[in-house]
Amino acid sequence: MNLSFAHFNYHENLDQQRALFKDCFPETNGEVIQGNDHYLWKFHSFPNIVTSWEYVSYLGKEMTGYYAAIPYRYKIGEKTTSVGMVCDVMTSSKHRGKGIFTKMGTYSTRELSTKVPFTMGYPIRKEVIPGHLKVGWEMPFSMPLYMKFLRLNALLSRKKIGFMAPLANVFISIYNGIVKNRPNNKYRFSLVEDIIEIQGYDSFIKEWNSSVKNALIKDLPFAVWRYGAPERDYKFLTVFTKEEKLIGFVSFRNIIKEGVPSYGLLDYMVLPGYEDCHGLINKGLADCAKKEKVEAIMTMMSKNSASKYQLLKNGFFKSPFTFQLIIKNLTKEFSDEELFDEKSWHLMWVDSDDL
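Presented here is a report on the structure given in the accompanying data block. The shown structure was predicted, so the numbers you read here are calculated from the model rather than taken from an experiment.

**Focus: the environment of Cys87**
- Among the structural elements, Cys87 can be located in strand β4 (residues 79-91).
- Cys87 sits 265 residues away from Ser352 along the chain, and the two C-alpha atoms are 8.0 Å apart.
- Other than its neighbours up to four places away in sequence, Cys87 contacts Lys42, Phe43, Ala68, Ile70 and Asp353.

Here it is, written out as C-alpha cells:
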C-alpha cells in the first residue's frame, strides 16, 4: 500500500477534507459542522499564533485520513503549556481495516511531539480505542455522561409508551423535589447569552484557575472563541454574592439527545468556599429548562468532579454513556503522575471540541 503523509494545506484541499468528514461522520449530515465556516472557525481562528496542526494521509491522490489538534493552553501544576487537543481523527470508510488509522496516529503524534509535551482526546466510540492504544495513548480515567430528567414525554414517546408520560412525570417531579440542595438566598443568579456581558469574568477565571491543579486557561479571548462557533447559541448562568462577586459559572446550550430536548452543560465552575451555591445553580438551570420545554440536563465529567459538584445530590444520575479521557505523554516534560491523577483535573465538554 503506497500510503503517504503530509501536513494539510486547507487552501488547496479543503473540499477533499470536507468530503472525508461527511463520509466518516454521517450522523452529522445536514448539520453546520459539515460546512466550511465551522471548519475555518475551529481550526483557523483559535486565539493563538498557531491556530491548529493538521495532518493527512493519501493513497495516490485520494485523501484517506485526517488527524488534527488545537493548541489549548493548560496550567499543569505551576507551569503553563500548550497541549494538543486532538479532534476530527478520521479514516475513509473505503479503506478501514488496512492500518491507516494506526499509521496516521504514529505519524501525527510524532510530528506533534516537536510542538507540545502531550496530547489529549475524548473518544466515546469504543472501536477507536485500540487504534489509539497501539500508538502509545493511555487511558487515565473515564468521564461518564450524567443526566437529569425534568420530564419524560419525549423519551417515553420515542420508546412507544408515551401514554405513560403523565404518571412518570409525577414521579420524576417528586424525585427531583426530594433529591436537591436548597437554593441559598445569600446569592443571586443571572442568565446572559453573551460571554462579554459577564461582569468580573477575568478575575473569576484567574481565581478559579489557581484553585485547580491542572486546568484549561479559559480567559476571555479563549471564551469568546470557544462560544463563538457558527450558528450555535450558548447561555451562561452566573452566580454572584451580595457584594457582586462572581463565584459560580455554568455554560450550556440546547441540544437534542436521542430525541429528547436537552441542555448540554459545557462548563461548571464554582470558587472554593462557595459550595453552598450548587442548589441555586440547579434551580436556575431547571427554571430556565422548564420555560423552554427542555426535558433533560446532561454533562460530561469525571466521577471525582461529579462528586465535587454534587450532581447526584441534585437529581443527576450516571448514564450508560461514557467518554474516555486519553493522553499521550509525548516528551515526558510532565510525569505520568502529574497527568494521570483524576483528582488533579477539572475536565468537561469545554475542554474538547464537542457541543
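**Some points on the packing of helix α1 (residues 10-24) against helix α2 (residues 36-44)**
- Following both chains from N to C, one finds α1 and α2 inclined at 125 degrees, their axes separated by 11 Å at the closest point. What the angle tells us is that α1 and α2 run oblique. Helix-helix and strand crossings are classified by hand; for α1 and α2 the assignment is right-handed. Between α1 and α2, the residues in contact are Tyr10, Leu14, Gln17 and Arg18 and Asn36, Tyr39, Leu40 and His44, respectively.
- By residue class, the composition of the contact of α1 with α2 is four nonpolar, three polar and one charged.

**A short note on the side chain of Gln34**
- Structurally, Gln34 can be placed in the loop between α1 and α2.
- What makes Gln34 buried here is its relative accessible area of 8%.
- For Gln34, the contacting residues outside a window of four places in its chain are Arg18, Phe21, Lys22, Phe25, Thr28 and Asn29.

**Overview of the pairing of β4**
- Looking at chain direction, strand β3 (residues 62-76) and β4 are connected through eleven bridges and run antiparallel. Its bridge partner lying in β4, Pro71 is registered against Gly84.
- Between the end of β3 and the start of β4, which pair antiparallel, lie two residues, with Gly77 showing a positive phi angle near 65 degrees.
- Taken together, the two bridges between β4 and strand β5 (residues 118-121) define a ladder with parallel strand orientation. The residue bridging Met85 from the neighbouring strand is Met120, located in β5.
- As a crossover connection, the stretch from β4 through helix α3 (residues 100-112) into β5 is right-handed.

**A word on a negative patch on the surface**
- A grouping of Glu193, Asp194, Glu197 and Asp233 is seen on the molecular surface, where their side chains present a negatively charged patch.
- Residue classification places Glu197 among the partly exposed positions, given a relative accessible area of 49%.

**Details of the pattern of salt bridges**
- Scanning the entire structure with this criterion turns up 13 salt bridges.
- Residue Lys186 pairs with Asp276 through a salt bridge whose shortest N-O separation is 3.1 Å. Linking Lys186 in the loop between α6 (165-178) and β7 (187-192) with Asp276 in the loop between β11 (260-270) and α9 (278-291), this pair joins segments that are 90 residues apart in sequence.
- In this structure, the salt-bridge partner of Glu292 is Lys235, at a minimum N-O distance of 3.5 Å. Taken together, the residues Glu292 in the loop between α9 and β12 (296-300) and Lys235 in strand β9 (residues 235-241) connect sequence positions 57 residues apart.
- A single salt-bridge network, built from bridges that share partners, covers Lys42, Asp88 and Asp353.

**Concerning the nonpolar core**
- Ranked by size, the top nonpolar core spans 104 residues in total, and within it Tyr74, Met120 and Trp345 carry the most contacts.
- Membership of the second largest hydrophobic core comes to 17 residues, among which are Ile100, Leu112, Trp137 and Ile326.

**Digging into unusual backbone geometry**
- In the Ramachandran plot, Lys160 falls in the positive-phi region, its phi being about 65 degrees despite a non-glycine side chain.
- Its location among the elements puts Lys160 in the loop between α5 (153-158) and α6.
- Non-glycine residue Glu258 carries a positive phi angle of around 55 degrees.
- Mapping Glu258 onto the fold places it in the loop between β10 (246-257) and β11.
- Owing to a relative accessible area of 42%, Glu258 belongs among the partly exposed residues under this scheme.

Parameters and conventions
- Each chain carries its own residue numbering, running from 1 in the written order of its sequence.
- Where totals are concerned, whole chains, interfaces and linings use all residues; where local detail is concerned, this predicted model gives features only for residues with pLDDT of at least 70, and gives and counts side-chain atom pairs only at 80 or more.
- With hydrogens and water stripped out, all remaining heavy atoms of the structure feed into the side-chain values.
- Put simply, DSSP marks the helices as runs of H or I at least four residues long and the strands as runs of E at least two long, and each gets a number from the N terminus on.
- It only takes one pair of heavy atoms within 4.5 Å for two residues to be counted as in contact.
- Between N-to-C directions, angles span 0 to 180 degrees; the directions come from axes that are lines fitted to C-alpha atoms, helices contributing only their stretch in contact.
- Oblique is the label for every angle not falling under 35 degrees (roughly parallel), over 145 degrees (roughly antiparallel), or within 65 to 115 degrees (roughly perpendicular).
- If you view the pair so one helix is near and one far, a crossing is left-handed when the near helix is turned anticlockwise from the far one by less than a right angle, and right-handed when it is turned clockwise.
- Residues are grouped as follows: Ala, Val, Leu, Ile, Met, Phe, Trp, Tyr, Cys and Pro are nonpolar; Asp, Glu, Lys and Arg are charged; all remaining types, including Gly, are polar.
- To sort residues, take the accessible area from a 1.4 Å probe on protein chains only and compare it with the maximum for the residue type: under 20% means buried, over 50% means exposed, and anything in between is partly exposed.
- Pairs of strands are assigned from DSSP output, requiring at least two bridges between the strands.
- Every crossover in which the path from the first strand over the helix to the second runs clockwise, viewed with the strands pointing away from the viewer, is termed right-handed.
- Here, patches come from residues exposed beyond 30% relative accessible area and free of salt bridges, joined within 9 Å for like charges and within 5 Å for nonpolar side chains (Val, Leu, Ile, Met, Phe, Trp, Tyr).
- To be clear on the numbers: accessible area is Shrake-Rupley with a 1.4 Å probe, and residue cover counts the displayed protein chains and nothing else.
- In what follows, salt bridge is the name for a side-chain nitrogen of Lys or Arg lying within 4 Å of a carboxyl oxygen of Asp or Glu.
- We score Asp and Glu as negative and Lys and Arg as positive, and we do not count His or the chain ends.
- Charge coordinates come from a single atom per side chain, which is NZ of Lys, CZ of Arg, CG of Asp or CD of Glu.
- What is meant by a nonpolar core is a set of buried Ala, Val, Leu, Ile, Met, Phe, Trp, Tyr and Cys residues, joined one to another through side-chain atoms within 4.5 Å.

Just distances and angles here, no functional claims.
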